[in-house]
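Structural overview
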Amino acid sequence: MICIRGATTVTENTAEAILAATSETLQEMMKQNDCGISQIISIVFSATKDLDAVYPARAARELGITEAGLFCVQEMDVPGSLPMCIRLMMHVDVLSKGQYAAKHVYSQGAQTLRPDITNNEPAPKPTTPPTRPPEPKSKRPPRKKPPQSSIIAIAIDGPSGAGKSTVAKAVAEELGIMYVDTGAMYRAVALNCIKDGVKIKDESAVQKIMQNISIDIFYDQQGRQRVVLNGEEVTEQLHSQKVADATSVIATYSKVREYLVAIQQEIATKQSVVMDGRDIGTKVLPFAQVKIFLDATLEERARRRLLEFEAKGETATLATVINALKLRDRRDKSRANSPLMQADDAVYIKSDGVPVPQIVQQIVAELHKS
Ligand code: DC
């Protein structure tokens, strides 16, 4: 079963407007997730206090959704929250599809951002399309307009161990959008080479692997990204030191990067994402509304890596971890193809000693500003 979320807004409290907006959102949720009426198990509808002309569930019945459990609730009245908003949570049986990442639908300015969880400025009024406030005075150059402003893209780049995945996951959870760990995709390519006995330093042999490789990502019940390599679920095999070392070599090869960047860009055209990696702000998502360059001192990064190894029962010393990180930093920063670097319009954040929630709030605040 998966849970698909949707939200929309109306400009007047009339049965006609509420039913039309709800019906449109329901149909879009079904269309984007390729789901038929018989697969719907239940739908929860919520509406803000200012909408009381009709129960939005009626729109579902009018579409012929009669077997599913339908339930309407009134939303909490939080100061500054989006007015005249209808939210939906649809539970769908997707047994036949196996694991599947839900595509959520937000229309008519109904953003995922909620002032009650972000402690920030209210979301834009529904009658006006999302607008950009004047750029705050900063040294950063003005950002180009993204191609689809309703889709959120947040790019987080930085060196190994800077805390990107922890922060990116937390931001994605806070905003209710997808987290994409691009490093795992590069690691999957390296694992494929190791499994097939391909010499990592032999670029043409690695290129050959790319002709037949298949990498898929999906999200488990807990929302964690899982990686399927050539039909085998390999997520747990991706984080050994051996795979990490091989990954920083294959990540320098242009065929590998072309293949993976195309997958990553495709994912980001379909849904809102927080994506982390090395070239997300510079290459993969140049139109991202928010770009972050997350950094930390070498010592702090090594200390974190060491703790991760210890948690997995692996042995390593601080000195060996520091040396491995230095080597990977050098490869990531000096490669000709999309080297690790801060995008001109990225915000630099140093994570040493800063609690994760504080960094998350800073990133969410950047999104409000964008
Ligand atoms: O983030 P990570 O440690 O899982 O990344 C593994 C390797 O892949 C690392 O050496 C850098 C490389 N990588 C990359 O070159 N580009 C990305 N977008 C993500 C990772």
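Keep in mind that this is a model prediction, so the values were computed, not measured. (Residues numbered from 1 in each chain as written. Predicted model: local features only at pLDDT ≥ 70, side-chain atom pairs only at ≥ 80, totals over all residues. Heavy atoms only, no water.)

**A look at the site of the ligand**
By nearness alone, 16 residues border the ligand, and Arg-187, Arg-257, Asp-279, Arg-328 and Arg-335 come closest of all. Separating an oxygen atom of the ligand from a side-chain N or O atom of Arg-328 is a distance of 2.9 Å. Between the ligand and the protein, one listed contact pairs an oxygen atom with a side-chain N or O atom of Arg-335 at 2.9 Å. Starting from 450 Å² of accessible surface for the ligand in isolation, the protein chains cover 96%. Counting residues per element, the ones that place at least two in the shell around the ligand are α5 (182-195), α7 (241-250) and α11 (318-334). (Near = heavy atom within 4 Å. Polar contact = N/O pair within 3.5 Å; in protein donor to acceptor, adjacent residues only side chain to side chain. Areas by Shrake-Rupley, 256 points an atom, 1.4 Å probe, with all protein chains shown as cover. Helix = DSSP H or I, 4+ residues; strand = E, 2+ residues; numbered from the N terminus.)

**Focus: the sheet that holds strand β10 (residues 232-233)**
In spatial order, the strands read β8-β9-β10; together these three strands make up an open sheet with antiparallel pairing. Both edges of this open sheet fall to β8 (215-219) and β10, since each of them pairs with a single strand only. In this structure, strand β9 (residues 225-229) lies alongside β10, joined through two bridges in antiparallel fashion. Counterpart to Val-228 in the pairing with β10 is Glu-233. (Pairing = 2+ DSSP bridges.)

**Some remarks on the sheet that holds strand β5 (residues 105-106)**
Ordered by their spatial adjacency, five strands build an open sheet running β3-β2-β4-β1-β5, and the pairing between neighbours is mixed. Only two strands of the sheet have a single partner each, and these edge strands are β3 (69-74) and β5. Contacts between helix α1 (residues 15-32) and the sheet are confined to β1 (2-9), β2 (40-47), β4 (85-92) and β5, with β4 contributing the most and set at about 35° to the helix. (Contact = heavy atoms within 4.5 Å. Axes fitted to C-alpha atoms, helices over the stretch in contact; angles between N-to-C directions.)

**Description of the side chain of Thr-235**
Among the structural elements, Thr-235 can be located in the loop between β10 and α7. Among the polar contacts listed, one links the side chain of Thr-235 to the side chain of Glu-233, at a separation of 2.5 Å.

**Some points on the pairing of strand β6 (residues 153-157)**
Regular strands place their side chains on alternate faces of the sheet. Of all five residues that make up β6, five are buried, and the element is covered over most of its length. The alternating pattern of β6 places Ala-153, Ala-155 and Asp-157 on one face and Ile-154 and Ile-156 on the opposite face, and all of these are buried. Where β6 meets strand β11 (residues 273-277), five bridges bridge the pair, whose relative direction is parallel. Considered in β11, the bridge of Ala-155 is made with Met-275. As defined by bridge partners, β6 adjoins strand β12 (residues 290-295) across four bridges and the pair is classed as parallel. (Buried < 20%, exposed > 50% of the residue type's maximum accessible area, 1.4 Å probe, protein only.)

**Some details on the pattern of salt bridges**
Tallying each qualifying case throughout the model produces 18 salt bridges. Taking the shortest distance from any N to any O, the salt bridge between Arg-224 and Asp-220 comes out at 2.9 Å. Between Glu-236 and Arg-226 there is a salt bridge; the shortest N-O distance is 2.9 Å. Taken together, the residues span a long stretch of sequence, with Glu-236 in the loop between β10 and α7 and Arg-226 in strand β9 at a distance of 10 residues. Taken together, the shared-partner salt bridges in this structure form one network comprising Arg-226, Glu-233 and Glu-236. (Salt bridge = Lys/Arg side-chain N within 4 Å of Asp/Glu carboxyl O.)

**What about α5?**
Taking 1.5 Å of rise per residue, 14 residues should cover 20 Å, and α5 covers 20 Å from first to last C-alpha, within 8% of that figure. Across the 14 residues that make up α5, a large majority, 11, are buried. Buried residues of α5: Thr-182, Ala-184, Met-185, Tyr-186, Arg-187, Ala-188, Val-189, Ala-190, Leu-191, Asn-192 and Cys-193, and no others. Looking one or two places after α5, you find Gly-197, whose phi comes out positive at around 65°. (Expected span 1.5 Å × (residues − 1).)

**Digging into the packing of aromatic side chains**
Evaluated as defined, the whole model comprises one aromatic pair. Arranged with centres 6.2 Å apart and planes meeting at 15°, the rings of Phe-293 and Tyr-348 form a pair that is stacked. Here the residue Phe-293 occupies a position in strand β12, and Tyr-348 occupies one in strand β13 (residues 347-350), the gap between them amounting to 55 residues. Take Tyr-348: its relative accessible area is 39%, and that puts it in the partly exposed class. (Phe/Tyr/Trp six-rings, centres within 6.5 Å; stacked < 30°, edge-to-face > 60°.)

**Quick word on the environment of Val-321**
Counting through the fold element by element, Val-321 comes out in helix α11. Assessed through its relative accessible area of 5%, Val-321 is described here as buried. When the C-alpha positions of Val-321 and Arg-303 are compared, they lie 8.3 Å apart, and in sequence the two are 18 residues distant. Ignoring any residue separated from it by four or fewer positions in sequence, one finds Val-321 in contact with Ala-302, Arg-305, Leu-306, Phe-309 and Ala-316.

**Some details on the packing of helix α10 (residues 298-311) against α11**
Two quantities define a packed helix pair, namely the angle between the helix axes and the distance between the axes. For the pair α10 and α11, interaxial distance at closest approach is 9 Å and the crossing angle is 115°. In this structure, α10 crosses over α11, and the sense of that crossing is right-handed. Facing α10, whose interface residues are Leu-298, Arg-301, Ala-302, Arg-303, Arg-305, Leu-306 and Phe-309, α11 presents Leu-318, Val-321, Ile-322, Leu-325, Lys-326, Arg-328 and Asp-329. Among the residues forming the contact of α10 with α11, the class breakdown is eight nonpolar, no polar and six charged. (Left-handed = near helix turned anticlockwise from the far one by under 90°. Nonpolar A, V, L, I, M, F, W, Y, C, P; charged D, E, K, R; others polar.)

**What about the side chain of Ser-248?**
Here Ser-248 is to be found in helix α7. Residue class for Ser-248 comes out buried when judged on its relative accessible area of 3%. A distance of 3.2 Å separates a polar side-chain atom of Ser-248 from the backbone oxygen of Asp-245. Apart from residues lying up to four places away in sequence, Ser-248 is in contact with Arg-328, Arg-331 and Asp-332.

Take it as geometry only, folks, not as evidence of what the structure does.
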